[in-house]
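Each chain, written out:
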Amino acid sequence: MDLTTFNAPLSARRWGDEFNKMLTRRPAFADQEANVINSDWTPAVDVKEEDKRFLITADVPGVDPADVDVTMHNGMLIIKGERNEETKEENDGFHRVERASGSFYRRFMMPDSADPDKIEAHAKNGVLEIAIRKTEKMHAKKIKVQS
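Residues numbered from 1 in each chain as written. Predicted model: local features only at pLDDT ≥ 70, side-chain atom pairs only at ≥ 80, totals over all residues. Heavy atoms only, no water.

Asks: Help me out: how do you make sense of a negative patch on the surface in this one?
Replies: Residues Asp40, Asp64, Asp67, Glu82 and Glu85 make up a contiguous surface patch of negative charge. Mapped onto the secondary structure, Asp40 falls in the loop between α1 (8-24) and β1 (45-49). (Patch = residues over 30% accessible without salt bridge, like charges linked within 9 Å, V, L, I, M, F, W, Y side chains within 5 Å. Areas by Shrake-Rupley, 256 points an atom, 1.4 Å probe, with all protein chains shown as cover. Salt bridge = Lys/Arg side-chain N within 4 Å of Asp/Glu carboxyl O. Lys, Arg positive; Asp, Glu negative; His and termini not counted. Charge placed at Lys NZ, Arg CZ, Asp CG, Glu CD. Helix = DSSP H or I, 4+ residues; strand = E, 2+ residues; numbered from the N terminus.)

Asks: So what exactly am I meant to see when it comes to the nonpolar core here?
Replies: One recurring pattern in soluble globular proteins: nonpolar side chains tend to sit buried together. Core analysis: the biggest nonpolar cluster contains 17 residues, and Ile56, Ile79, Met110 and Ile132 have the highest contact counts within it. For this core, the secondary-structure elements that each account for two or more residues are β2 (53-59), β4 (76-83), β5 (102-109) and β7 (127-134). Beyond its immediate chain neighbours, meaning those up to four positions away, Met110 contacts Phe54, Ile56, Met72, Gly75, Leu77 and Ile132. (Core = buried A, V, L, I, M, F, W, Y, C linked by side-chain atoms within 4.5 Å. Buried < 20%, exposed > 50% of the residue type's maximum accessible area, 1.4 Å probe, protein only. Contact = heavy atoms within 4.5 Å.)

Asks: Whenever I open this one, the sheet that holds β5 confuses me. Can you help?
Replies: The strands making up a sheet associate through hydrogen bonds between their backbones, and the pairing can be parallel or antiparallel. On the basis of which strands lie adjacent, the open sheet formed by 3 strands has the order β3-β4-β5 and antiparallel pairing. In this open sheet, the two edge strands, each paired with only one partner strand, are β3 (68-73) and β5. For this sheet, the mean angle separating the axes of adjacent strands, direction not counted, is 15°. Relative to β5, β4 is paired through 8 bridges, and the arrangement is antiparallel. Bridge pairing links Lys80 to Tyr105 in β5. (Pairing = 2+ DSSP bridges. Axes fitted to C-alpha atoms, helices over the stretch in contact; angles between N-to-C directions.)

Asks: Would you mind showing me how to read the packing of aromatic side chains here?
Replies: For any pair of aromatic rings, the description rests on two quantities: the centre-to-centre distance and the angle between the ring planes. Here the structure, examined in full by the defined rule, presents 1 aromatic pair. The ring of Trp41 is capped by Arg83, whose NZ or CZ atom sits 3.9 Å from the centre of that ring. The ring of Phe54 is capped by Lys134, whose NZ or CZ atom sits 5.1 Å from the centre of that ring. (Phe/Tyr/Trp six-rings, centres within 6.5 Å; stacked < 30°, edge-to-face > 60°. Lys NZ or Arg CZ within 6 Å of the ring centre and 35° of its normal.)

Asks: I keep staring at the sheet that holds β2 and nothing clicks. Help me out?
Replies: Pairing is antiparallel across the open sheet formed by 4 strands, whose spatial order is β1-β2-β7-β6. Pairing within the sheet leaves two strands with one partner each, and these edge strands are β1 and β6 (114-124). For this sheet the average axis-to-axis angle between neighbouring strands, irrespective of direction, equals 15°. In this sheet, β2 lies alongside β1 in antiparallel orientation, the contact comprising 5 bridges.

Asks: How should the pairing of β2 be read in this particular structure?
Replies: The side chains of a regular strand alternate, residue by residue, between the two faces of the sheet. Taking the residues that link successive antiparallel strands as the turn, the β1-β2 hairpin has 3 residues. Where β2 meets β7, 7 bridges bridge the pair, whose relative direction is antiparallel. Looking across to β7, one finds that Phe54 is bridged to Ile132.

Asks: Can you walk me through the confidence of the model for the chain in this structure?
Replies: Low pLDDT means the predicted atomic positions in that stretch should not be read closely. For the chain, per-residue confidence averages 79 on the pLDDT scale, and residues scoring 70 or more make up 68% of the total. Of all secondary-structure elements in the chain, the lowest mean pLDDT belongs to α1, at 60, while β7 reaches the highest, 97. Ignoring residues within four places in sequence, the model shows residues 25-36, a span with pLDDT below 50, making 18 contacts including any to other chains. (pLDDT = per-residue confidence, 0-100.)

Asks: Help me understand the pattern of salt bridges in this model?
Replies: Where side chains of opposite charge bring their charged atoms close, a pairing between them can arise. In total, this model carries 3 salt bridges according to the counting rule given. Across the pair Glu50 and Lys48 runs a salt bridge whose closest N-O atoms are separated by 3.5 Å. The exposure class of Glu50 is partly exposed, given its relative accessible area of 25%. Since its relative accessible area comes to 46%, Lys48 is described here as partly exposed. Taking the shortest distance from any N to any O, the salt bridge between Lys134 and Glu49 comes out at 2.6 Å. In this pair, Lys134 sits in strand β7 while Glu49 sits in strand β1, placing the two residues 85 residues apart along the sequence.

Here is the structure:
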C-alpha cells in the first residue's frame, strides 16, 4: 500500500498564494501593460507604520535587485520583478520542486501622508526594504466665511 503525505500548512499557503494571484492579476491602472496578468508568484510582505515613515519589507530570495522595479503612482506603491528560472532536466534527480520562479507583482494603496518624493529601496540577503517618509502633518485651517 502506498502512502501519500498531506501537508496542510503548505496546502493552505498555496491556497493563499492562488488567492493573492487572483487579486493582483487585475491591472491597477488602465494604461498598465498586461505584465500584471503574468504574475507567477507572490512574495510575502510586511507593512509597518512608524512615526516618520512607512516600512515595507518583502521576501524576494534569489531575485537580483536589478530585476526589481519599485514605483509610486497616484498613491499606489507598485513592486514588480522577476526571479529567473533555473533549468532542470528530468534526470537531475529532483523529486519535488516548490520554489517558484518567474515574475511577481504587488501593489499597495498608500495613505496621503506618504511622500512620493522620499522613497528609498534597498535589497540585502533576499529581503527588499522600502522606506517611504511621511509628509509634514497638515494642520486644519479655519476659513472665515465672508458676508
